Amino acid sequence: MPLMVAPIAMQKMYHPEGEYVTARAASAAGTIMTLSSLATSTLEEVASTGPGIRFFQLYVYKDRSVALQLVRRAERAGFKAIVLTVDTPKLGRREADIKNRFVLPPHLALENFEGLDLGKIDRTNDSGLASDIAGQFDRSLNWKENAQDVKWLQTITGLPILLKGVLTAEDARLSVQAGAAGIIVSNHGARQLDYAPATITALEEVVKAVQGRILVFLDGGVRRGTDVFKALALGASAVFIKQVQKQY
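Here's a quick rundown of the structure. It should be emphasised that the depicted structure is a prediction, and the values quoted were computed from it without experimental measurement. (Residues numbered from 1 in each chain as written. Predicted model: local features only at pLDDT ≥ 70, side-chain atom pairs only at ≥ 80, totals over all residues. Heavy atoms only, no water.)

### Looking at the pairing of strand β6 (residues 182-186)
Threshold: Remark: exposure states derive from per-residue accessible area (1.4 Å probe, protein chains only) relative to the maximum for the residue type, with buried under 20%, exposed over 50%, and partly exposed in between. Comment: elements are numbered from the N terminus, with helices defined as DSSP H or I runs of at least four residues and strands as E runs of at least two. Strands are labelled as partners when DSSP assigns at least two bridges between them. Looking down the strands as they point away from you, a crossover is right-handed if its path from the first strand over the helix to the second goes clockwise.
Counting buried positions over the five residues of β6 gives five, a clear majority of the element. Covered by surrounding structure in β6 are Gly182, Ile184 and Ser186 together with Ile183 and Val185, the residues of both alternating faces. Where strand β5 (residues 161-166) and β6 come together, four bridges link them in parallel fashion. If you follow Lys164 over to β6, its bridge partner there is Ile184. At this point the chain moves from β5, through helix α7 (residues 169-177), to the parallel β6, and the crossover so formed is right-handed.

Shown next, in the form of structure tokens:
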């Protein structure tokens with residue numbers, strides 16, 4: 001099936017079972033679920049929901065031991081690939097989050113960070129999420145460093161590494177050089193950078209740039225079946241979809 005589930009954070013905000021439901025649904029449909037680092041269920045809990053192929057989405061943290069621990073846990077839990085998000089060294093200005101002073105409800109937590117003193121998302125004068133990310137994500141991320149990060153990940157795991165957030169031919173070629181197993185063409189739901197191109201617009205040049213050397217997927221902008229056919233026709237191997245639209 002050319003449909004896979006994209007990483008979506010904090011799923012228990014809109015369903016009491018959150019990521020469990022998504023994992024079971026993806027398994028029943030015979031497709032792949034990608035678990036977000038910022039999930040409200042742990043890697044192990046999602047793995048315990050039953051059989052299924054699952055990927056784990058990873059951000060680049062200032063403390064690389066955090067990434068190491070998460071990758072090791074993903075391996076032990078049977079996840080089949082690491083999806084490294086490369087377009088968020090700094091969170092975009094999410095005005096709704098700032099207006100609402102977004103924080104997690106008190107009964108929820110980012111469970112994968114339990115015991116790591118991370119993922120608190122405390123209340124602030126603007127967005128608690130933005131403040132947490134500013135303190136934890138590695139803002140020095142750039143292509144030189146990112147290539148090194150990919151190489152580092154390859155030294156700690158044998159799992160395939162997909163780079164999520166590529167939108168140009170130049171970055172696609174650098175992804176190949178960095179040793180990525182695949183690219184996920186994504187604009188982070190159009191919430192990361194104003195006026196970012198639509199993923200379907202960027203897809204064709206990315207596919208041409210990689211020249212079949214690695215897999216290319218599309219994430220974002222898929223609303224109906226014809227969108228899937230368009231992506232496949234332009235060279236995507238499959239698309240990632242979000243099962244709901246987050247509103248916060």
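Next, the rest of the story.
### A short note on the pairing of strand β8 (residues 238-241)
Sheet topology note: the strand β1 (residues 3-5)/β8 ladder contains three bridges and is parallel. Bridge pairing in β8 links Met4 to Phe240. Running through helix α9 (residues 225-233), the crossover from strand β7 (residues 215-219) to the neighbouring parallel element β8 is right-handed.

### Topic: the environment of Leu193
Tracing the sequence through the fold places Leu193 in the loop between β6 and α8 (199-210). The sequence separation of Leu193 and Asp87 amounts to 106 residues, and the corresponding C-alpha distance is 9.2 Å.

### Things to note about helix α1 (residues 19-29)
Here is the rule we go by: It is the directions from the helix axis to the C-beta atoms that the arc portrays. What makes two residues a contact is simply this: any of their non-hydrogen atoms within 4.5 Å.
Of the positions making up α1, those classed as buried are Glu19, Thr22, Ala23 and Ala26. Considered in projection along α1, the buried side chains sweep an arc of 100 degrees and stay on one side of the axis. Tucked into the core, α1 has its buried residues touching β1, β2 (33-35), α2 (43-47) and β3 (54-58). Gly30 occupies a position one or two residues after α1 and carries a positive phi of about 75 degrees.

### A word on the side chain of Asp87
Test applied: Under the counting rule used here, the positive set is Lys and Arg, the negative set is Asp and Glu, and His together with the chain ends is not counted. A pairing counts as a salt bridge when a side-chain nitrogen of Lys or Arg comes within 4 Å of a carboxyl oxygen of Asp or Glu.
Looking at where Asp87 falls in the secondary structure, it is placed in the loop between β4 (81-85) and α4 (95-100). One buried charge, Asp87, has no salt-bridge partner; the nearest side chain with opposite charge is Lys164, at 5.4 Å.

### Here we look at α7
When α7 is considered as a whole, its buried residues turn out to be Ala169, Ala172, Ser175 and Val176. Taken around the axis of α7, the buried residues stretch over an arc of 115 degrees, which confines them to a single face. Of the residues trailing α7, Gly179 is marked for its positive phi of about 90 degrees.

### Quick notes on the pattern of salt bridges
According to the stated counting rule, one finds six salt bridges in the structure shown. A salt bridge links Lys208 to Glu204; the nearest nitrogen and oxygen atoms lie 3.5 Å apart. A residue pair is termed a helical-turn pair when its members lie 3 or 4 positions apart in one helix, as Lys208 and Glu204 do in helix α8 at four residues. Note on Lys208: relative accessible area 56%, which makes it exposed. Salt bridges sharing common partners tie together Lys164, Asp219 and Lys242.

The quantities given are spatial measurements derived from coordinates; they are silent on function.
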